[in-house]
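As a plain string of letters, each chain reads:
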Amino acid sequence: MLYVKLFYMQQIFKAVKYLQEGKRPLGVEIRILNNMITRFFELTPSHSEVERLTGTNGWIIRYIARNSGRDVFQRDLETEFGITRSTASRVVELMVQKGLIMREPVEYDARLKKLVLTDKAKELSFEMRRDGDRVEFMLTDGMSQEEIDNIYTTLYQMQDRISALISNQITENSERK
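The structure reproduced in this document is the subject of the present report. (Residues numbered from 1 in each chain as written. Predicted model: local features only at pLDDT ≥ 70, side-chain atom pairs only at ≥ 80, totals over all residues. Heavy atoms only, no water.)

### Overview of helix 7 (residues 145–176)
Which entries qualify depends on this criterion: Elements are defined by DSSP. Helices are runs of H or I of four residues or more, strands are runs of E of two residues or more, and each kind is numbered from the N terminus. Helices are assigned an expected span. That span is 1.5 Å times one less than the residue count. In this scheme, a residue with accessible area under 20% of its type's maximum is buried, one over 50% is exposed, and one in between is partly exposed, where area comes from a 1.4 Å probe on protein chains only.
The end-to-end C-alpha separation of helix 7 is 47 Å, in line with the 46 Å expected for 32 residues at 1.5 Å each. Buried within helix 7 are the following residues: Ile148, Leu165 and Glu172.

### Here we look at the nonpolar core
Nonpolar side chains tend to gather and get buried jointly when the protein is soluble and globular. Basically, it comes down to this: Among the buried residues, those of types Ala, Val, Leu, Ile, Met, Phe, Trp, Tyr and Cys that are joined through side-chain atoms within 4.5 Å form a nonpolar core.
Within the largest apolar cluster, 16 residues are counted, with the highest numbers of intra-cluster contacts made by Ile61, Ile64, Leu77, Met95 and Ile101. Within the residue set of this core, elements represented by two or more residues are helix 3 (55–66), helix 5 (85–97), strand 2 (109–117) and helix 6 (119–140).

### Here we look at the pattern of salt bridges
How we decide: Here, a salt bridge means any Lys or Arg side-chain nitrogen found within 4 Å of an Asp or Glu carboxyl oxygen.
Using the criterion set out here, one finds 8 salt bridges in the structure. Across the pair Arg70 and Asp76 runs a salt bridge whose closest N-O atoms are separated by 3.5 Å. Judged by its relative accessible area of 38%, Arg70 falls in the partly exposed class. Here Glu93 and Arg103 are joined by a salt bridge, their closest N and O atoms 3.1 Å apart. On the criterion of sequence distance, the pair formed by Glu93 in helix 5 and Arg103 in strand 1 (residues 101–106) is long-range, its members being 10 residues apart. Within the structure, one salt-bridge network assembled from shared partners comprises Glu127, Arg130 and Asp131.

### What about the packing of helix 2 (residues 26–43) against helix 6?
Quick reminder of the rule: Note on definitions: angles span 0 to 180 degrees between N-to-C directions of axes, and those axes are lines fitted to C-alpha atoms, for helices only across the stretch in contact. Our angle categories are set so that under 35 degrees counts as roughly parallel, over 145 as roughly antiparallel, 65 to 115 as roughly perpendicular, and the remainder as oblique. Each crossing gets its handedness from the near helix: less than a right angle anticlockwise from the far helix is left-handed, clockwise is right-handed. Any two residues whose heavy atoms approach within 4.5 Å at even a single point are treated as in contact. Polar here means any residue outside two lists: the nonpolar Ala, Val, Leu, Ile, Met, Phe, Trp, Tyr, Cys and Pro, and the charged Asp, Glu, Lys and Arg; Gly therefore counts as polar.
Relative to each other, helix 2 and helix 6 sit at 140 degrees, their axes nearing to 11 Å. The orientation of helix 2 relative to helix 6 falls into the category oblique. In this structure, helix 2 crosses over helix 6, and the sense of that crossing is right-handed. Packed against helix 2, whose contacting residues are Leu33, Ile37, Phe40 and Phe41, the element helix 6 presents Asp131, Gly132, Arg134, Val135, Met138 and Leu139 at the interface. Its residues placed into classes, the contact of helix 2 with helix 6 shows 7 nonpolar, 1 polar and 2 charged.

### Considerations on the packing of aromatic side chains
Threshold: Centres within 6.5 Å make a pair out of two Phe, Tyr or Trp rings, where for Trp the six-membered ring is used; the pair is then stacked when the planes are under 30 degrees apart, edge-to-face when over 60, and tilted otherwise.
Overall, the coordinates contain 2 aromatic pairs when judged by the stated rule. When the ring of Tyr63 is compared with that of Phe81, the centres are 5.8 Å apart and the planes differ by 75 degrees; the resulting orientation is edge-to-face. Of this pair, Tyr63 sits in helix 3 while Phe81 is found in helix 4 (residues 74–81), placing the two residues 18 residues apart along the sequence. For Tyr63, a relative accessible area of 6% translates into the label buried. With a centroid separation of 5.9 Å and an interplanar angle of 40 degrees, the aromatic rings of Tyr152 and Tyr156 are classed as tilted. Taken together, the residues span about one helical turn, with Tyr152 and Tyr156 both in helix 7 at a distance of 4 residues.

### As for the side chain of Arg62
Filter applied, for reference: Charged residues are defined narrowly, with Lys and Arg counted positive, Asp and Glu counted negative, and His plus the chain ends left uncounted.
Inspection of the secondary structure assignment puts Arg62 in helix 3. Here Arg62 occupies a buried position and makes no salt bridge, while the nearest side chain of opposite charge, Asp133, is found at 4.5 Å.

Read these as spatial facts, not as claims about activity.
Structure below.
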């Protein structure tokens, strides 16, 4: 608990320093970049074909398409996207209703149903992949492989830290009850 409080204090001091230097907090910069990427996708010609999918639907379609060589289940989505079981269940149900995915039983376990893309979603996946490749190229154009690797390393470190903070917060909240 003390470690978490010290960590927060260090981050606050860093944020204040960046603000004094005229820089926005890193979280704000990440959010701005995310919004810009989202805006790009909304402006692509294939966007109307993608039927204004929510971002989550698009990511799930791409995930299932990339993993087409194996069975993909709802629990895989929970793990991959860091979402709760209830959120994944709602999203999957809506995607089934939209005709984007189907739930199919697997032979080896009657309790499990794998998620399979419909033909409609396969077509959308191709369009999204093409647009995604363009964004990926634009984001990394002119960067060395070392710079790209450093970005990944930093992002993974941030994800680990936030995950640890979330776990600590959940523990503290449950102890208060």
